[in-house]
Amino acid sequence: MKLLEVKNLHAAIDGNEILKGINLTVNEGEVHAIMGPNGSGKSTLSAVLAGKDDYEITEGEVLFKGKNLFDLEPEERAAEGLFLAFQYPVEIPGVSNMNFLKTAVNEIREYKGLEPLSAKDFIKLIKEKAKLVELDPKFLQRAVNEGFSGGEKKRNEIFQMAVLDPKLAILDETDSGLDIDALRIVANGVNKLRRPDNATIVITHYQRLLDYIVPDIVHVLYNGKIVKTGDKNFAMELEEKGYDWIKESV
Amino acid sequence: METLEKNDIKSQFLDLFSTEDISKNPVRYKALEHLMHIPAPTTKDEFWRYTRVNKLLKKNYQLPGYEVAEFDQSILKKLPLNNEESTLVFVNGVFAKDYSKIVNASIDLIPFSDALVEQKYQSFYNKLANNQKRFFDAVNTAFHNSGYILGVPTLSNEKVQIIQIITNDNLLLIPRNLILADTGAKITIKEFFINQSGVENALINQLSEIVLMPNSTCNYYKYQNLSNNALIDTTHILQNQDSAYNTHLASYNTAFIRNNTLVQSSGENTTTTVNGATLTKENEHIDQHIFIDHQQPNCYSNQLFRTIADDKSTAVFNGKVMVRQDAQKINAFQSNANILLSDFANIYAKPELEIYADDVKCSHGSSTGQLDEEALFYLRARGIKEKTAQKMLISAFLNDTIDNIEDDTYTAFISQEIEQLIQ
Amino acid sequence: MAYTEDNLKEDLKNKEYEFGFTTNIETEKIPKGLNEDIVKLISKKKNEPEWLLEWRLNAFRAWQKMTPPKWAHLKIPEIDYQDIIYYAAPKTKKYESWDDVEPELKETMEKLGISLEEQQRLTGVAVDFVMDSVSVKTSFKEKLQELGIIFCSFSEAVQEHPELVKKYLGTVVPTTDNYFAALNSAVFSDGSFCYIPKGVRCPMELSTYFRINEANTGQFERTLVVADEGSYVSYLEGCTAPMRDENQLHAAVVELIALDNAEIKYSTVQNWYPGDEEGKGGIYNFVTKRGIAHHNAKISWTQVETGSAITWKYPSTILKGDNSTGEFFSVAVTNNYQQADTGTKMIHLGKNTKSTIISKGISAGFSQNAYRGLVQVHRNAHNARNYTQCDSLLMGDKCGAHTFPYIEVKNKSAKVEHEATTSKIGEDQIFYCLQRGIKEEKAISLIVNGYCHEVLENLPMEFAVEAKKLLEISLEGSVG
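Let me sum up the structure you'll find in this document. (Residues numbered from 1 in each chain as written. Chains lettered and ligands numbered in written order. Predicted model: local features only at pLDDT ≥ 70, side-chain atom pairs only at ≥ 80, totals over all residues. Heavy atoms only, no water.)

**Focus: the packing of aromatic side chains**
Heads up, the rule is: Here is the rule: rings of Phe, Tyr and Trp (six-membered ring for Trp) pair when centre to centre is within 6.5 Å. Planes less than 30 degrees apart are stacked, more than 60 are edge-to-face, and the remainder are tilted. For helices the rule is a DSSP run of H or I covering at least 4 residues; for strands it is a run of E covering at least 2, with both sets numbered from the N terminus onward. Using a 1.4 Å probe on the protein chains alone, a residue whose accessible area is under 20% of its type maximum counts as buried, one over 50% counts as exposed, and one in between counts as partly exposed.
Throughout the structure, instances matching the rule amount to 37 aromatic pairs over all chains. Where phenylalanine 86 of chain A meets tyrosine 432 of chain C, the ring centres are 4.8 Å apart and the plane angle is 70°; that geometry is what we call edge-to-face. One end of the pair, phenylalanine 86 of chain A, is in the loop between β6 (82-85) and β7 (92-96); the other, tyrosine 432 of chain C, is in helix α10 (residues 427-435), on a second chain. The pair formed by phenylalanine 86 of chain A and tyrosine 432 of chain C is uniform in burial state, with each residue classed as buried. Here the aromatic rings of tryptophan 71 of chain C and tryptophan 312 of chain C are separated by 5.7 Å at their centres, their planes lie at 40°, and the arrangement is tilted. Separated by 241 residues along the polypeptide, tryptophan 71 of chain C in the loop between α3 (50-65) and β2 (88-90) and tryptophan 312 of chain C in strand β15 (residues 310-313) bring together distant segments of the chain.

**A short note on the interface of chain C and chain B**
For clarity, the threshold we go by: Whether two residues touch is decided by their heavy atoms; if any such pair falls within 4.5 Å, the residues are in contact. By convention, the term buried area covers the 1.4 Å-probe accessible surface removed from two parts as they join, with the contributions of both added. As used in this structure description, the phrase polar contact means that two N or O atoms lie within 3.5 Å; if the pair is within protein, one of them must be able to donate a hydrogen and the other to accept it, and residues adjacent in sequence are counted only when both atoms belong to side chains. Under the scheme applied, nonpolar residues are Ala, Val, Leu, Ile, Met, Phe, Trp, Tyr, Cys and Pro; charged residues are Asp, Glu, Lys and Arg; polar residues are all the others, including Gly. Paired strands are those between which DSSP finds at least two bridges.
On the chain B side, the residues contacting the 35 residues of chain C number 37 residues. Here chain C meets chain B over a buried area of about 3,000 Å², counting both sides, of which 46% is carbon and sulfur. The largest contributions to the chain C side of the interface with chain B come from Tyr406, Ile407 and Lys412 of chain C, which together make up 20% of the buried area. At the boundary of chain C with chain B, the tally comes to 20 residue pairs in polar contact (both at pLDDT 80 or more). Counting residues per element, the ones that place at least two in the side of chain C that touches chain B are β22 (400-409) and β23 (415-424) of chain C. A per-class count over the side of chain C that touches chain B returns 11 nonpolar, 14 polar and 10 charged. Here strand β21 (residues 360-369) of chain B runs beside β23 of chain C; their pairing, made up of 8 bridges, is antiparallel.

**Quick notes on the interface of chain A and chain C**
Interface size is commonly expressed as the accessible area that is lost once the parts come together. Short version of the rule: The rule for a salt bridge is simple: a side-chain nitrogen of Lys or Arg has to be within 4 Å of a carboxyl oxygen of Asp or Glu.
Between chain A and chain C, the residue contacts involve 31 residues of the former and 19 residues of the latter. Buried area between chain A and chain C, both sides added, is near 2,200 Å², and the carbon and sulfur share of it is 66%. Summed over the three residues of chain A that lose the most area to chain C, namely Glu75, Val90 and Glu107 of chain A, the buried surface amounts to 26% of that side. Counting across the chain A and chain C interface gives 3 salt bridges. Put simply, glutamate 157 of chain A and arginine 436 of chain C hold a salt bridge, and the shortest N to O gap is 2.6 Å. Put simply, chain A and chain C have 11 residue pairs in polar contact (both at pLDDT 80 or more) between them. At the level of elements, α2 (74-80), β6, β7, α3 (97-111) and α5 (150-164) of chain A are the ones that each hand at least two residues to the side of chain A that touches chain C. For the side of chain A that touches chain C, the leading source of residues is α3 of chain A, giving 7 residues.

**Description of the sheet that holds β6 of chain A**
Adjacent strands of a sheet form backbone hydrogen bonds with each other and so pair up, either parallel or antiparallel. All names here are of chain A. Definition in use: Geometry is summarised by axes, namely lines fitted to C-alpha atoms with helices restricted to the contacting stretch, and by angles between N-to-C directions that run from 0 to 180 degrees.
The mixed open sheet is built from 6 strands, whose spatial order is β6-β9-β10-β3-β11-β12. Two strands lie at the open edges of the sheet, namely β6 and β12 (225-230), each paired on one side alone. Ignoring which end each strand starts from, the neighbouring axes of this sheet average 20° apart. Strand direction decides the pairing type here: strand β3 (residues 31-35) and strand β11 (residues 217-222), joined by 4 bridges, are parallel.

**Let's talk about the pattern of salt bridges**
In this structure the tally under the stated criterion is 47 salt bridges over all chains. Between aspartate 216 of chain A and arginine 194 of chain A there is a salt bridge, with the nearest N and O atoms lying 3.8 Å from each other. Of this pair, aspartate 216 of chain A sits in the loop between β10 (199-204) and β11 while arginine 194 of chain A sits in the loop between α6 (180-192) and β10, placing them 22 residues apart in sequence. Among the salt bridges present, the one from aspartate 407 of chain B reaches lysine 190 of chain B, with a minimum N-O distance of 2.9 Å. With aspartate 407 of chain B in the loop between α9 (386-399) and α10 (408-421) and lysine 190 of chain B in strand β8 (residues 186-195), the pair connects residues that are 217 residues apart, well separated along the chain.

**With respect to the arrangement of the chains**
When the 2 pairs of chains in contact are compared, the highest contact count belongs to chains B and C. Note that chain A does not reach chain B: the shortest distance linking a C-alpha of one to a C-alpha of the other is 15 Å.

**A look at the state of the cysteines**
Let me state the cut-off plainly: When two cysteine sulfur atoms lie within 2.5 Å, the pair is treated as a disulfide.
Scanning the entire structure with this criterion turns up 0 disulfides over all chains. Residue cysteine 362 of chain B stays outside any disulfide, its sulfur separated by 11 Å from that of cysteine 299 of chain B, the closest cysteine. Free of any disulfide, cysteine 433 of chain C has its nearest cysteine sulfur in cysteine 452 of chain C, 15 Å distant.

**Some details on α3 of chain A**
All names here are of chain A. So the rule is basically this: The span one expects for a helix is its residue count, reduced by one, times 1.5 Å.
The terminal C-alpha atoms of α3 lie 21 Å apart, and with 15 residues this matches the ideal 21 Å at 1.5 Å per residue to within 8%. Taken residue by residue, α3 has Asn97, Met98, Phe100, Leu101, Thr103, Ala104, Val105, Asn106, Glu107 and Ile108 as its buried positions. The positive-phi residue at the C-terminal boundary of α3 is glycine 113, with phi of around 80°.

**A look at the pairing of β10 of chain A**
Residues and elements named next belong to chain A. With 6 of its 6 residues buried, β10 lies for the most part within the structure. Pairing analysis gives 5 bridges linking β3 to β10, with the strands arranged parallel. The residue bridging histidine 32 from the neighbouring strand is isoleucine 201, located in β10. When strand β9 (residues 168-172) meets β10, the two strands line up parallel, connected through 5 bridges. Each bridged residue has a counterpart across the sheet, and for alanine 169 the counterpart in β10 is threonine 200.

In structure tokens, the structure reads:
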């Protein structure tokens, strides 16, 4: 089943067009990798999908689970099951991870017409998911991302993903700033969450992460367009040859 | 004109100056009228909370003469002067032509004259001074007896040196300056207030109006070293769009200084940097007062002040940032650090923010205390004597403020002076 | 159509003041206006000793010569002090038991969420409930008496413990301290008195709820808390006032005395009626609160200020004794046309004195919110330490947030640090919450509560919950 359909998507910021006609279809059970050099529009794509209002959609449409994504507010997209693991997770001083997640879980449940989770069930859920990403439960009492190292922040993103259990997860440069151990933990977490009825888009500059999260389909984004698509071996090829040959060939 | 009560401290001004002369000039006369209604500031005025001027105003003063007085020329040699820059020298406020020179005929750089103002600068003159409310502004506008006019045309880049030398005790010197940087022009002014050794009890009340046209820059470096004399220096700056004003105040070795740096940012995309180093000793009193008024969006301002207070001296920092409604996207910062070297010294700091727009980033930090104990220990652990280590840290502390000065000779000079002062 | 900030604003603009109801109890009043006869009448009605009448009259005479302070960043309309009734008391004065209290009054308290019965049973908090001016019910008295703790209405203290009142009244806030303190000293009607004996740790939070009920009745409470050597007390003060069109003046005085090694924790939730969304009505809250900390003593002020049309308030600590500590934790929220000028004074007199100031200001609507704080280190206050953190949050482009710190240091061994920031609520934080499925209004309340966390965590548990709720209510309709 089609989860995400991006059709001829154009987006601009302050009048500069960044996305220049993206076409992309993601089906349930698939893992897509979007690679590309700096400034090609990778982060813009994830921000536009999540609904950041700095960007102007100038053309095209996006369907998520058959619904027009641009009719939905950011929190509605989240409640529908779209999850963005931020490249730069935001610090929210004074708000504990626990409180933050509890609010998110229950707001999403409310959206779905479900009763809020009891404190007991919530804690059970949290503990279970914390194990998945090897997260020390002490983290839960700390303020959201405040004073976290780069690796801890990324791990916290995957932990939130585990708790919120999305249909489509977009990992935006989740590997940046991670050492090899952290990378392994994060990738393990993501792999354990893979199911036939959900999907993942991994956005990355390097092939490294794809050794751990093996994609079904690899796209190269360049200058606001997907210029090449291939299988997982294509990513290796990119790593060897760099992006220059792509730039030359388009 | 109304009459003043006998004991009003303003009466001295009226006795010294000829009311007849003043009444001939409508601008001076108007200011005099205002002055009759403004009481001299007291510590009950919020802006003068920590600084008393009553005693200063009660001293007896004399006006400068008309001739250039003899002076010890070695004091000029000590200054970091550049022979290739236009220079005005004033002795007791009197323009000393023989020591001055203009290197570029296309600029206006001349002693202040009411006549020239009327001809050429009328639309800029006396527009920023607030004679209705500010006592020392009104005094200056009514009675000014020295100063200069500097007009720099579009796109030119000029460096100027202004030297005011005091050689008479009890001198009452009232310089008035008008500075205009036309569109795209750049002006760098180094201003030196110095006195001949042993001269004391002079009072200087300077007022400068600086108008920065779009895309112009003014660097104003003020050197204030006046021994046992007093200086009240008010600088009004009007910044149009894309203009930059950068100033450094080196204020030390002077019995009394009150600086008012008053910036109106009335165009978008302006930059304002107000830095200063204050060092007070004995019974000295130095008060740095800054007000940056952000009236338009997308501007940046930064204040950086460092203070050392020793003996029984008093140092005051009062920096204020105002962001008006709709002046969005303002980044305004203040940093003020003070160190007391004696148990009889006084530090007063009042870093204020008054913000009426929401999309702003404004902050201030103010710290008062001793030298960093750990840094001190670190230096000593490397074999440096405590006294030396202290001096190193103090001079580093004050030198923090001079990094932005675009004149290496001047920067080196200030740094060296600081070094000597903390011996 | 998505639910935007503007929708939220519109929806909540007309939300009625939650605690805006009036209680219909007959009250006994004296005529409007203020003169020596009124002062004498108040004193007589309360059957006060001669020295207290003299004290009041001295204050009144001083007040007549004073003028209202003008230095605050506030626009205060002219107040006609002759148009105020200076004394009102519920006609039924004594209740033998809880059953004697009028059902209406009980109902009022229930609406306020402070039902005595419930609180007695569930929380163990002793409540001294001030309805307009006279204390109507004091609970847990016997239990406290066993420990020698005195907790009663001010009038009762004057009758039963005159020696203590006489010894400490006006010692921290002199009658002539300022215009409003002088007024209070002349006409104060009632308030609370608390004395903790040497070495006693008060086993429960002492709490007082204030409430202005009678139209045109100024309320002038007087609170005096004395913690004797080595004792401890946590005192809670909560304020809610019913909706009124006319402005009402509230000029309270609170004096805290922490003797050697004693500790007083004084917490306030202030939610007087702030006026409507057009700035009509609301309480003028002109309060003088000050404590004195003796040797090794500690005074900690925590306040959550969400109410009042105008707030003029600077809970202060005089650090007189060596090694004494002062703390000030404050959240001040202004919305619509509210104005607040609030902060603290930390006066370091003793050696090794320490103070901490954490202030969080939130401005919304057309409001003005100013922090004003003084840190003063005197000549002999060796090794004094102060840390001040002062943050302002702006919500909307029609409000103002201001910071006016005064730092005065006369001792070289002092360390005084002040940091302040002003910014708007983080858009990236809001978006992050949205992306996790949290609605905007919820996201804002989450972020604001987090922003105030450092202050709220200093409140006693039962108060913190109420305070968080208040923050949400106060900011409703202000997102922008």
